Amino acid sequence: PRWTVEWTVDDVAHSDVFDAVVVATGHYNKPYMPSLPGEENWLAGDAARRITHSLHYDDPDDFRGQSVLVVGGRSSGVDIARMLYGVAEWVYVLEKKCTSATTHAAEAVTHVPLGTRLCRNGRLAAPRAGGGGGEEEEEVE
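Every residue gets a number counted from 1 within its own chain, in the order that chain's sequence is written. Thresholds applied to this predicted model are a pLDDT of at least 70 for local features of residues and 80 or more for the giving and counting of side-chain atom pairs; totals over whole chains, interfaces and linings are not thresholded and use all residues. Neither water nor hydrogens contribute to the side-chain values; these are computed over all heavy atoms in the structure.

### Looking at the nonpolar core
Among the nonpolar cores identified, the biggest contains 11 residues, and these are Tyr 57, Phe 63, Val 68, Val 70, Ile 80, Ala 81, Leu 84, Ala 88, Val 91, Val 93 and Val 109. No other element matches the three residues that helix 2 (residues 75–84) contributes to this core. Within the second largest apolar cluster, nine residues are counted, among which are Leu 118, Leu 124, Ala 126 and Val 140. The criterion is simple. A nonpolar core is a set of buried Ala, Val, Leu, Ile, Met, Phe, Trp, Tyr and Cys residues joined through side-chain atoms within 4.5 Å. Relative accessibility under 20% of the residue-type maximum defines a buried residue, over 50% an exposed one, and the middle range a partly exposed one, all with a 1.4 Å probe and only protein chains included. Secondary structure elements are taken from DSSP: a helix is a run of H or I of four residues or more, a strand is a run of E of two residues or more, and numbering for both begins at the N terminus.

Written as structure tokens, this is what we have:
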């Protein structure tokens, strides 16, 4: 059987016929937002700062010229980081598999490890590579 799908965008009706339809509503329909080290001080440092979930992400232009921290290196995080490439001033990606801050200047992206802290001055402080789990940090460029 073939499927006729109808939808509306900006009050304009559309219709098309498909051989198959995939309904991908996602099993993460209830956003999980872990608190990040330093989050309260970082937010207090500038009223323009905000934290949002990928569920509410719509347009990379909303982040034009800004430095953005994407938390999570799985599908949604990688997709959003790629969409921000060339739009955001710089993209930082916090991911579990990262062991130390790694910058890729040509792509304007820095990967940072778990334990990275948001600082009131707007910067990030990452655990120092090889620090053995101590409190040593280094500011991320």
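### Let's talk about unusual backbone geometry
Within the chain, Asp 10 stands out as a residue other than glycine whose phi angle is a positive 50°. In this fold, Asp 10 is placed in the loop between strand 1 (3–9) and strand 2 (12–18). Of note, the phi angle at Asp 11 is positive, near 65°, even though the residue is not glycine. Note that Asp 11 resides in the loop between strand 1 and strand 2.

### Remarks on the sheet that holds strand 8 (residues 124–127)
Strands sit in the order 7-8-9 across an open sheet of three strands; the sheet is antiparallel. Two strands in the sheet have a free side with no partner beyond their single neighbour: strand 7 (117–118) and strand 9 (137–140). Direction of pairing for strand 7 relative to strand 8: antiparallel, over a ladder of two bridges. Across the sheet, the residue bridging to Arg 117 is Ala 125, located in strand 8. DSSP bridges decide pairing: two strands pair if at least two such bridges lie between them.

### Quick notes on the layout of surface pockets
Empty space within the largest pocket amounts to approximately 2000 Å³. Buriedness of a pocket was judged along seven lines, with at least five required to meet protein on both sides within 12 Å; pockets are open sets of points on a 1 Å grid over the protein atoms alone, cavities are sets where a 1.4 Å probe fits but cannot get out, and lining residues have an atom within 4 Å of a point. As for the largest pocket, its lining consists of 49 residues, of which Thr 52, Leu 69, Val 70, Val 71 and Gly 72 are closest to the centre. Among the secondary structure elements, those contributing two or more residues to the lining of the largest pocket are helix 1 (39–44), strand 3 (67–71), helix 2 and strand 4 (90–94). Counted by class, the lining of the largest pocket contains 25 nonpolar, 13 polar and 11 charged residues. Taken together, 13 residues make up the lining of the second largest pocket; nearest its centre are Val 78, Ala 81, Arg 82, Val 93 and Val 109. If one sorts the elements of the lining of the second largest pocket by residue count, helix 2 sits on top with four residues. Ten residue types, Ala, Val, Leu, Ile, Met, Phe, Trp, Tyr, Cys and Pro, are classed as nonpolar, four, Asp, Glu, Lys and Arg, as charged, and the remainder, Gly among them, as polar. Classifying every residue of the lining of the second largest pocket gives seven nonpolar, three polar and three charged. Grid points are joined across faces, edges and corners, and a volume is the space filled by probe spheres set on the points.

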